[in-house]
Every structure is written in C-alpha cells, then in structure tokens.
Amino acid sequence: MADDSPQEIAAKFLSKLKDSPFVMIGLEDDQHSEPMTAQIDDDQPNTLFFFAGRDNRIAGGGQAMAQFVGKGHDFFACLSGHVSVDNDRQQIDKLWNNHVEAWFPQGKSDPNLTLLRFDINSAELWETDISLSGRVKMLFGGTIRSDESSSHAVVGSVA
C-alpha cells in the first residue's frame, strides 16, 4: 500500500466518499465544522456539492476545510478549498435525490434551499490499510515498517 501513487490514493478517496459521503466542513474563519452530506458530480472533478439551508453557517461562502473518515476508519482526508453558492437549476436537478428531499419538504422549490459548491484546492489523504504482518505486530508488539503500513499523499486535486 505504501507504494500507491497520489492518483491511486485520490481514486480510492473518491470511492470511499461515494460509499460514505459524510464530511465535517467549516469555514476557516469559524471555530467549528459541521457534518454534511457531500454530493459528487463525476463531471466536475475536485468539487463537492452540499444541499443546505440558506441560513447554514457555511452558506456565506469563503475558504473552508473539510475532513473525511472512511466507514472502516481505514481512510482519512483533509481537504482545503473554497465554498460558494451554486444555485444552477440543472445542477440541482442532477444531484437531487430522496435523501435530500427528506430535508427539504417543499422539494427543489423550497425557499430555504441552496446548493453549495466546495472547490477543492488541495488535499491530504491517508490510507491506513495495514498489511497482515503489520497487524500481527500490532497484536503482539513490534515495530511496523513503512512498507507494512499506510499510504499518504498530498495532492493538488482529487480526480
């Protein structure tokens, strides 16, 4: 795993995010992040979308950080980028689904609905898929070599 290229790790990240699309995201000038469900448009690499209320704390936009933890706690990501409003009707139609509709009872015409886009400028990604020999060492004590541990990449894009 330690020999994976940054592109391979980025592809694994997108796969993990599609499997569990939940991130903690917050504006850099705010003290706290909040959980949100990322919407992925494969036609727009390095961009995540979020359906939110117009009064949501990140709806004002700006520089932001997002953190991701994979379902099995085997993948981690820290994303830096910029949040802005993108209320393009075609994009809303493309990303709309039953999970989103549950939060907006008036549907796509809900007056509180806004679509936020998070353009990712850089990402730091960690895959913690420890090898079998590394797992045995964790159980019984021992030093895990770098070739038995995780992959790490700093990338300017995730697609």
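Visitor: Is there a simple way to explain the overall build of the chain in this structure?
Guide: Within the chain, the regular secondary structure consists of four helices and eight strands. Taking all 159 residues of the chain together, the buried fraction comes to 40%. Pairs at least 24 apart in sequence give 70% of the contacts found in the chain among residues at least 6 apart. A total accessible area of about 8,800 Å² is found for the chain, and carbon and sulfur atoms account for 51% of it.

Visitor: I'm lost on the confidence of the model for the chain in this one. Help?
Guide: Detailed reading of predicted coordinates is not advised where the pLDDT is low. Counting all residues, the mean pLDDT for the chain is 84, and 79% of those residues have values of 70 or more. Per-element confidence in the chain ranges from a low mean pLDDT of 43 for helix α4 (residues 132-140) to a high of 98 for strand β1 (residues 22-27). This stretch, residues 131-140, has a pLDDT under 50; its non-local contacts, to residues over four places away or in other chains, come to 13 contacts.

Visitor: I would appreciate a short explanation of the pairing of strand β2 (residues 34-37) in the present structure.
Guide: Consecutive residues of a regular strand have side chains that alternate between opposite faces of the sheet. Burial of β2 is one-sided: the residues Glu34 and Met36 facing one way are buried, the residues Pro35 and Thr37 facing the other way are not. Here four bridges tie β1 to β2, and the two strands are oriented antiparallel to one another. Opposite methionine 24, over in β2, you have proline 35 as the bridge partner. What sits between the antiparallel neighbours β1 and β2 is a turn of six residues.

Visitor: Even after reading the chapter, I still don't get the nonpolar core, so can you show me in this structure?
Guide: In a soluble, globular protein the nonpolar side chains are often hidden away together inside. In terms of nonpolar packing, the biggest core is built from 26 residues, with Ile25, Phe50, Leu79 and Phe118 touching the most fellow members. Top element by residues in this core is strand β7 (residues 113-127). It accounts for five residues. Ignoring any residue separated from it by four or fewer positions in sequence, one finds isoleucine 25 in contact with Ser33, Glu34, Met36, Phe50, Ile58, Ala64, Met65, Ala66, Val83 and Phe118. Core analysis: the next-biggest nonpolar cluster, separate from the first, contains nine residues, Ile92, Leu95, Phe104 and Leu115 among them.

Visitor: Would you explain the side chain of glutamate 34 in this entry?
Guide: Position of glutamate 34 relative to the elements: it lies in strand β2. When residues no more than four places from it in sequence are discounted, the contact partners of glutamate 34 are Val23, Met24, Ile25, Asn56, Arg57 and Ile58.

Visitor: Where do I start with the pairing of β1 in this structure?
Guide: Sheet topology places β1 next to strand β5 (residues 62-69); four bridges connect them, and they run antiparallel. Residue leucine 27 lies in a different strand from β5, and its bridge partner there is alanine 64.

Visitor: What is the right way to read unusual backbone geometry from this model?
Guide: Peptide bonds are trans in most cases, and residues, glycine excluded, mostly fall at negative phi. For asparagine 46, which is not a glycine, the phi torsion comes out positive at approximately 65°. Along the polypeptide, asparagine 46 turns up in the loop between β3 (39-40) and β4 (47-53). Asparagine 46 gets classed as partly exposed once you look at its relative accessible area, which sits at 21%. Residue histidine 73 is not a glycine yet carries a positive backbone phi of 55°. With respect to the helices and strands, histidine 73 occurs in the loop between β5 and β6 (75-85).

Visitor: Honestly, helix α1 (residues 6-19) in this entry has me stumped. Any pointers?
Guide: The end-to-end C-alpha separation of α1 is 20 Å, in line with the 20 Å expected for 14 residues at 1.5 Å each. Turning to α1, its buried residues are Ile9, Ala10, Phe13 and Leu17. Down the axis of α1, the sector holding all buried residues measures 100°, keeping them to one side.

Here is what the cut-offs are and how they apply
- Starting from 1, residues in each chain are numbered consecutively following that chain's sequence as written.
- With pLDDT at 70 or above as the cut-off, local features in this predicted model cover only qualifying residues; side-chain atom pairs require 80 or more to be listed or tallied, and sums for whole chains, interfaces and linings still use all residues.
- Excluding hydrogens and water, the side-chain figures rest on all heavy atoms present in the structure.
- By the criteria applied, helices consist of DSSP H or I runs no shorter than four residues and strands consist of E runs no shorter than two, each listed in order from the N terminus.
- Per-residue accessibility, obtained with a 1.4 Å probe over protein chains only, is compared with the maximum for each type, and a residue is labelled buried under 20%, exposed over 50%, and partly exposed between these values.
- What makes two residues a contact is simply this: any of their non-hydrogen atoms within 4.5 Å.
- To measure how exposed things are, a 1.4 Å probe is used in the Shrake-Rupley method; for residues, cover is taken only from the protein chains shown.
- The pLDDT score gives, residue by residue, the confidence of the prediction method on a 0 to 100 scale.
- When DSSP finds at least two bridges between two strands, those strands are taken to pair.
- In this text, buried Ala, Val, Leu, Ile, Met, Phe, Trp, Tyr and Cys residues form a nonpolar core when linked through side-chain atoms within 4.5 Å.
- Helix span, as expected, comes to 1.5 Å for every residue beyond the first.
- Summarising the geometry, the arc corresponds to the directions from the helix axis toward the C-beta atoms.

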